[in-house]
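# Architecture at a glance
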Amino acid sequence: MTVMKTSELSAGYLDLAVSQALGHKECFVNLAGQCVQPYKTEDGILCYRKMCPTQDSRLMVLLIKKHNIGVEPIGKGWWGASAFIEGKRSQDNFVCVYGSSYEESLFRCFVSIVCGENIDLGF
């Protein structure tokens, strides 16, 4: 079991955490550092589809609206994403996560809302 803080997630591991938070099963980070999901073709051949939810602008808009996430620049090269949440995941019903890009902070915040501050990446 590998546990990471949501504030440390980036690249393929952020894609993996977002995929898991969205309910995708059996995803993992391959040796190239990409999040992939195995599937079988109609012929029974095992293949892997690349999972890149952090590059989907439509998903970003949906998450911002659904979870009421605010994202803003907080300094040179840093962004902050915050949202009010139910008391299960935070004592003060508020989560704020930082990232080096708009997308990174937004998706880290989403993972924190759904999975908490520490997340099991399943390996």
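Keep in mind the model is a prediction, meaning the values are calculated, not measured.

Take the nonpolar core next. Within the largest apolar cluster, 29 residues are counted, with the highest numbers of intra-cluster contacts made by Leu9, Ile69 and Cys109. Contributions of two or more residues to this core are made by helix H1 (11-21), helix H2 (57-67), strand S6 (78-84), strand S7 (94-99) and helix H3 (102-115).

Here we come to the pairing of strand S4 (residues 46-50). Looking along a regular strand, one sees side chains alternate from face to face of the sheet. Strand direction decides the pairing type here: strand S3 (residues 35-40) and S4, joined by five bridges, are antiparallel. Within the sheet, the bridge partner assigned to Gln37 lies in S4 and is Arg49. Hairpin connection of S3 to S4: five residues between the antiparallel strands, including Gly44 at a positive phi of 85°.

The next point concerns the sheet that holds S6. Reading across the sheet, the three strands line up as S5-S6-S7 and stay open at both edges, with antiparallel pairing between neighbours. Edge positions in the sheet fall to strand S5 (70-75) and S7, since each has one partner strand and no second. Neighbouring strand axes in the sheet, compared pairwise and without regard to direction, differ in orientation by 25° on average. Of the strand pairs in this sheet, S5 and S6 are connected by five bridges, and their pairing is antiparallel. By the bridge assignment, Pro73 is partnered in S6 with Trp79. Of the strands in this sheet, S5, S6 and S7 are in contact with H3, which crosses S7 at around 145°.

Bringing the packing of H1 against H3 into the picture now. Viewed as axis vectors pointing N to C, H1 and H3 meet at an angle of 45°, and their least axial separation amounts to 9 Å. What the angle tells us is that H1 and H3 run oblique. For the pair H1 and H3, the crossing hand works out as left-handed. Contacts from Leu14, Ala17, Val18 and Ala21 in H1 reach Glu104, Phe107, Arg108, Phe110, Val111, Val114 and Cys115 in H3. In terms of residue class, the contact of H1 with H3 is built from nine nonpolar, no polar and two charged.

Moving on: a nonpolar patch on the surface. Taken together, Phe28, Leu46 and Tyr48 make up a surface patch of nonpolar side chains, about 290 Å² in accessible area. Following the sequence through the fold, Leu46 ends up in strand S4. A relative accessible area of 46% places Leu46 in the partly exposed class.

Now for the packing of aromatic side chains. With the rule as written, the count across this model stands at two aromatic pairs. Judged by centre distance (5.4 Å) and plane angle (80°), the rings of Trp79 and Tyr102 are edge-to-face. Placement of Trp79 in strand S6 and of Tyr102 in helix H3 is noted, with a sequence separation of 23 residues between them. Look at Trp79 and you get partly exposed, because its relative accessible area is 26%. For Tyr102, a relative accessible area of 27% gives the class partly exposed.

Conventions adopted
- Counting from 1, residues in each chain are numbered in the order their sequence is written.
- The predicted origin of the model limits local features to residues at a pLDDT of at least 70 and limits the giving and counting of side-chain atom pairs to 80 or more, whereas totals for whole chains, interfaces and linings rest on all residues.
- Excluded from the side-chain calculations are hydrogens and water; all other atoms, namely the structure's heavy atoms, are used.
- Residues belong to one nonpolar core when they are buried, are Ala, Val, Leu, Ile, Met, Phe, Trp, Tyr or Cys, and are joined through side-chain atoms within 4.5 Å.
- For the exposure calls, accessible area comes from a 1.4 Å probe over protein chains only, and a residue counts as buried if that area is under 20% of its type's maximum, exposed if over 50%, partly exposed in between.
- Runs of E in the DSSP output that reach at least two residues are strands. Runs of H or I that reach at least four are helices, and both are numbered from the N terminus.
- Note on pairing: DSSP must find at least two bridges between two strands before they are called paired.
- Convention adopted: a line fitted to C-alpha atoms gives each axis, helices being fitted over their contacting stretch, and angles between N-to-C directions are expressed from 0 to 180 degrees.
- Only heavy atoms matter for contacts: two residues are in contact if any of them lie within 4.5 Å across the pair.
- For classification, angles of less than 35 degrees are called roughly parallel, those exceeding 145 degrees roughly antiparallel, those between 65 and 115 degrees roughly perpendicular, and all remaining angles oblique.
- Put simply, a crossing is left-handed when the front helix is turned counterclockwise from the back one by less than a right angle, and right-handed when it is turned clockwise.
- Think of it as three bins: nonpolar holds Ala, Val, Leu, Ile, Met, Phe, Trp, Tyr, Cys and Pro, charged holds Asp, Glu, Lys and Arg, and polar takes everything else, Gly as well.
- Residues enter patches when their relative accessible area tops 30% and they take part in no salt bridge; the joining distance is 9 Å for like charges and 5 Å for the nonpolar side chains Val, Leu, Ile, Met, Phe, Trp and Tyr.
- Using a 1.4 Å probe, the Shrake-Rupley method yields the accessible areas, and only the shown protein chains count as cover for residues.
- We define a salt bridge as a side-chain nitrogen of Lys or Arg found within 4 Å of a carboxyl oxygen belonging to Asp or Glu.
- Ring pairs are drawn from Phe, Tyr and Trp, using the six-membered ring of Trp, whenever the two centres fall within 6.5 Å, and their geometry is named by plane angle: stacked under 30 degrees, edge-to-face over 60, tilted for the rest.

Everything listed here is a matter of geometry and, on its own, says nothing about what the molecule does.
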